[in-house]
Amino acid sequence: MSEKTHELIGVLATQYNMKDYDEAYATFDWAEVEKELSWSTTGKINVAYEAIDRHVDTGRGDHIALYYSDATRDEKYTFAELKALSNKFGNVLKKYGVKKGDRVFIFMPRSPELYAALLGAVKIGAIVGPLFEAFMEGAVRDRLEDAGAIAIVTTPKLQQRVPVSELPELQHVFLVGAEGELAPKEISFDAEMKDASEDLEIEWVDREDGLVLHYTSGSTGKPKGVLHVHNAMIQHYQTGKWILDLRPDDVFWCTADPGWVTGTAYGIWGPWLQGATSVIRGGRFTPEDWYDTLQRFNVTVWYSAPTAFRMLMGAGDDLVKKFDLSSVRHILSVGEPLNAEVVRWGMKVYGKRIHDNWWMTETGGQMISNYPSMPMKPGSMGKPFPGIYAAIVDNEGNELPPNTMGNLAIRAPWPSMMRKIWNNPAKYEEYFGLKPWYISGDSAYKDEDGYFWFQGRIDDVINTSGERVGPFEVESKLVEHPAVAEAGVIGKPDPLRGEVIKAFIALREGYEPTDELIAEIREFVKTGLAAHAAPREIEFRDKLPKTRSGKIMRRVLKAWELGLPTGDLSTMED
Ligand code: WTA
């Protein structure tokens, strides 16, 4: 590692919000940021007010907040319109007795209604739980049950995956696009919105009050509900300014769904706290649609993921030439390692640097990044955000010297840090066991110039197309299939998706390993858990490697798969 000499791409931008990284890092103080937001005077806050209503109150109500487009809709909303819509939904929730601290889930495809509902729920002080539309019944039930959700906003189609009768705490099901007779607990979102008042008494909350619950995967057990609080907005505001480099006249496109943390932190809060316009694309889209979106909305700042850039790279250089992308000023990436090769390709076809940054659901906001004003080493995640101290530590929490691989750790606390794992205080404590550090679960090293380089996950969590998938959740689903005796699941390196999910399966007596069975098992996970969790590859084995205590040894499966030495097998059963 230490031998490596890294290429450097110099600063391309001529104007940017953070003038000089070293100076910003040396002089930064979070307390100064708070003064730029209106709540510093009252002590009470609501991030939905700061993100939407504040712009109406300061004379920018007619500015476009949202461009929404999918195959059938093409709409725009000003800050004043979003204020009115979210106020209406806040009033609807109040009418049904939903109160501060209640968990309100949102399970629907991206649409203007999703954003109005989410903002409305936040305005009355509820904790929102956004769920990705691909989740199937089991995944939906686990999350609603764990959170004790009392309301959900969904569509008639997705409602089929919400087992209302098995969720005693769930009282209200708001249906967007409801038609015909409504069953008990069902409420027509559209009819209620029509009648609701546009004036809402916002619930002013404390900075430590709950805002959003994002469920994320670990290597063992069920998904964890990561709780963030309103205070996180300090970080969303400042990273929106210095990492996204947003100004109020920018048109920003974050391609992530609000079911994942990027889609709330930077699909909602980051851009709107800066008063910028946000572009939301719904549905599935082709490489042509990607470039068409950039061109049509004159996108200036574009935040996406390595898997998308690799997909676009695969679509070819000629396609780029068919579009006018001259509005694009700044490009960013998150979610998995951004290959140096992709950065070089971006320079070639877009004439722009793609700025990688690193963070996690648990950190709530960006932590390590490349900044427009800082020379870039392609392949590096960049340097810690001002106000954030990042380090590489050993398993006892000692900081390691440059160019030594170890645990990527952040000194706790910081404004957007998670405040709780819902119903699981022990799990929360695990992250903070080596005081004063938060241990990320990623390994990395820091070079002699202070740039951080991602090396891998320390646990078995799989990152496929930027989505975290816990191997245990997939294995648990697999063994529910009648043909499956045992299953071990690993991430297998893949040029497009980063990793794909591969399952090793031992069959029960009487089942034959056929292609039909493979298809059937994949479908079983797809419909039982989520499409993105279904193994792309399945390999049958007579037996799986296990420890004497019966744990499947995923590391051995991985070594087999990659043709690497299997390492210490002393704990393996015969
Ligand atoms: C990985 C997404 C390499 C990492 C915001 C982390 C990255 C996990 C990067 C969090 C990056 C995220 N380079 N790896 N720039 N960004 N990761 O919770 O393993 O969905 O721990 O949050 O994605 O994924 P999560």
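Note that this is a predicted model, so its numbers are computed, not measured.

Caption draft 1: Quick peek at empty space enclosed by the protein. Scanning the entire structure with this criterion turns up three cavities of 30 Å³ or more. In this structure, the largest cavity occupies an estimated 50 Å³ of space. Where the lining of the largest cavity is concerned, the elements lending two or more residues are β8 (210-216), β9 (224-229) and α10 (261-273). If one sorts the elements of the lining of the largest cavity by residue count, α10 sits on top with four residues. Taken together, the residues of the lining of the largest cavity sort by class into seven nonpolar, five polar and no charged.

Caption draft 2: Inspection of the pattern of salt bridges at higher detail. Following the criterion strictly, the structure yields 43 salt bridges and no others. Measuring nitrogen to oxygen at the nearest pair gives 2.9 Å for the salt bridge that ties arginine 73 to glutamate 113. Of the two residues, arginine 73 sits in the loop between β1 (64-69) and β2 (74-78) while glutamate 113 sits in helix α5 (residues 112-123), which places them 40 residues apart along the sequence. For glutamate 480, the salt bridge identified is with lysine 477, shortest N-O distance 2.9 Å.

Caption draft 3: Here's a closer look at the side chain of histidine 55. As for its position among the elements, histidine 55 is in helix α3 (residues 47-57). Histidine 55 has contacts with Glu50, Arg60, Gly61, Phe79, Trp272, Leu273, Gln274 and Gly275, leaving out every residue within four places of it along the chain.

Caption draft 4: Looking closely at the environment of lysine 502. Within the element layout of this structure, lysine 502 appears in strand β25 (residues 498-507). When the C-alpha positions of lysine 502 and valine 489 are compared, they lie 5.7 Å apart, and in sequence the two are 13 residues distant. Apart from residues lying up to four places away in sequence, lysine 502 is in contact with Gly488, Val489, Ile490, Lys492, Glu537, Glu539 and Glu561. A distance of 2.7 Å separates polar atoms of two side chains, one belonging to lysine 502 and the other to glutamate 561.

Caption draft 5: Examining helix α14 (residues 340-349) more closely. Turning to α14, its buried residues are Ala340, Val342, Val343, Trp345, Gly346 and Val349. On the buried face of α14, the contacting elements are α11 (287-296), α12 (306-314), α13 (317-321) and β14 (354-358). Following α14 by one or two positions, glycine 351 adopts a phi angle in the positive range, close to 65°.

Caption draft 6: Looking closely at the packing of helix α4 (residues 79-95) against α5. Between α4 and α5, whose axes approach to 7 Å, the crossing angle comes to 60°. Our classification of the angle between α4 and α5 gives oblique. Considering only the axes of α4 and α5, their crossing is right-handed. Here Leu82, Lys83, Leu85, Ser86, Asn87, Phe89, Gly90 and Leu93 of α4 lie close against α5, whose contacting residues are Ala116, Ala117, Leu119, Gly120, Ala121 and Lys123. Residue composition of the contact of α4 with α5, grouped by class: eight nonpolar, four polar and two charged.

About the criteria used
- Residues numbered from 1 in each chain as written.
- Predicted model: local features only at pLDDT ≥ 70, side-chain atom pairs only at ≥ 80, totals over all residues.
- Heavy atoms only, no water.
- 1 Å grid on protein atoms, 1.4 Å probe; cavity = no way out; pocket = protein on both sides within 12 Å on 5 of 7 lines; lining within 4 Å.
- Points joined across faces, edges and corners; volume = space filled by probe spheres on them.
- Helix = DSSP H or I, 4+ residues; strand = E, 2+ residues; numbered from the N terminus.
- Nonpolar A, V, L, I, M, F, W, Y, C, P; charged D, E, K, R; others polar.
- Salt bridge = Lys/Arg side-chain N within 4 Å of Asp/Glu carboxyl O.
- Contact = heavy atoms within 4.5 Å.
- Polar contact = N/O pair within 3.5 Å; in protein donor to acceptor, adjacent residues only side chain to side chain.
- Buried < 20%, exposed > 50% of the residue type's maximum accessible area, 1.4 Å probe, protein only.
- Axes fitted to C-alpha atoms, helices over the stretch in contact; angles between N-to-C directions.
- Parallel < 35°, antiparallel > 145°, perpendicular 65-115°, else oblique.
- Left-handed = near helix turned anticlockwise from the far one by under 90°.

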